[in-house]
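Listed below, chain by chain, are the residues.
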Amino acid sequence: MKWITREKIKVDRVACPWLIKKFVDPDAEFVFVSHDTDWATISDGIVFDVPDCELGHHGEDVSFNSILKKYQLTDPALVLLGEIVRAADSHPANPHPAGEGLRWIASGFAARGLTDHEILEREFIVYDALYAECKRRVSRGLVAEAS
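Residues numbered from 1 in each chain as written. Predicted model: local features only at pLDDT ≥ 70, side-chain atom pairs only at ≥ 80, totals over all residues. Heavy atoms only, no water.

## As for the pairing of strand β1 (residues 2–6)
- Summarising burial for β1: four of the five residues are buried, a large majority.
- Direction of pairing for β1 relative to strand β2 (residues 29–33): parallel, over a ladder of five bridges. Among the inter-strand pairings, Lys2 is bridged to a residue of β2, identified as Glu29.
- Assessed by its sense of winding, the connection that carries the chain from β1 through helix α1 (residues 12–24) to β2 is right-handed.
- Across two bridges, the pairing between β1 and strand β3 (residues 46–47) is parallel. Within β3, the residue paired with Ile4 across the bridge is Val47. (Buried < 20%, exposed > 50% of the residue type's maximum accessible area, 1.4 Å probe, protein only. Helix = DSSP H or I, 4+ residues; strand = E, 2+ residues; numbered from the N terminus. Pairing = 2+ DSSP bridges. Right-handed = clockwise from strand over helix to strand, strands pointing away.)

Now the structure itself:
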């Protein structure tokens, strides 16, 4: 399936493709288009992390959280990772402390002048590592701890 979102990706638009590839659609193809695209006219794929779409921001939830809900992904480690992505990508009332570090990492990748596909290729390993740490913390009951 073709998954379509805005170009110039950072936190949520990297986290979502990672989540989609690993847990929703292993054969996913990601297309990044201009921010001024008329999203309502797209019919040849699934749009995500764009204004007024099902798999977008809703309240304090970011697109990663919307994908978790739509595809009923309830793994506690993914839910924890979603809290970190939310904290890095938006300004929730009670942000997870790891979000600030993830925001810095995403900004660093963006500053390197890579294409969106190059960022995905390089940054997926960051999400693999974050997910592994989330699984470790969940399994040890360390979910609420900052370190």
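So that's the structure; there's more coming.
## Comments concerning unusual backbone geometry
- We note that Asp52 has phi near 60 degrees; this positive angle belongs to a residue other than glycine.
- Relative accessible area serves as the criterion here: at 85%, Asp52 is assigned to the exposed category.
- One non-glycine residue, Gln72, adopts positive backbone phi at about 50 degrees.
- Tracing the chain through its elements places Gln72 in the loop between α2 (63–70) and α3 (76–89).

## Some remarks on the side chain of Arg6
- Mapped onto the elements of the fold, Arg6 is located in strand β1.
- What makes Arg6 buried here is its relative accessible area of 19%.
- Here the side chain of Arg6 touches Asp49 through a polar contact of 2.9 Å, landing on its backbone oxygen.
- For Arg6, the contacting residues outside a window of four places in its chain are Arg13, Phe32, Val33, His35, Trp39, Asp49 and Val50. (Polar contact = N/O pair within 3.5 Å; in protein donor to acceptor, adjacent residues only side chain to side chain. Contact = heavy atoms within 4.5 Å.)

## Some points on the packing of α1 against α2
- Close contact between α1 and α2 brings their axes to 9 Å; oriented N to C, the two are set at 20 degrees. Taken together, α1 and α2 sit at an angle that is classed as roughly parallel. For α1 against α2, the interelement crossing comes out right-handed. Contact residues: Asp12, Ala15, Cys16, Trp18, Leu19, Ile20 and Val24 in α1; Ser63, Phe64, Ile67 and Leu68 in α2.
- Here the contact of α1 with α2 is composed, by residue class, of nine nonpolar, one polar and one charged. (Axes fitted to C-alpha atoms, helices over the stretch in contact; angles between N-to-C directions. Parallel < 35°, antiparallel > 145°, perpendicular 65-115°, else oblique. Left-handed = near helix turned anticlockwise from the far one by under 90°. Nonpolar A, V, L, I, M, F, W, Y, C, P; charged D, E, K, R; others polar.)

## Focus: the sheet that holds β2
- Strand order in the open sheet made by the three strands is β2-β1-β3, with parallel pairing throughout. On the outer flanks of this sheet lie β2 and β3, each paired with one strand and no other.

## Observations concerning the nonpolar core
- Trp18, Phe64, Leu81, Val85, Leu102 and Tyr127 are the most contacted members of the largest nonpolar core, which has 38 residues in total.
- Elements with a contribution of two residues or more to this core: α1, β2, α2, α3, α4 (99–111) and α5 (116–139).
- Of all the elements, α5 adds the most residues to this core, at eight residues.
- Not counting residues within four places of it along the chain, the set of residues in contact with Leu81 comprises Trp18, Phe64, Tyr127, Leu130, Tyr131 and Cys134. (Core = buried A, V, L, I, M, F, W, Y, C linked by side-chain atoms within 4.5 Å.)

## Re α4
- Between its terminal C-alpha atoms α4 stretches 18 Å, which fits the 18 Å expected from 13 residues at 1.5 Å a residue.
- Regarding α4, the residues found buried are Gly99, Leu102, Ala106 and Phe109. End-on view of α4: buried residues confined to an arc of 85 degrees, all on one side of the axis. Of the exposed residues in α4, those oriented more than 90 degrees away from the buried face are Trp104 and Ala111.
- One or two steps after α4, the chain reaches Gly113, where phi turns positive at roughly 75 degrees. (Expected span 1.5 Å × (residues − 1). Arc of directions from axis to C-beta.)

All we've got here are geometric facts, nothing functional implied.
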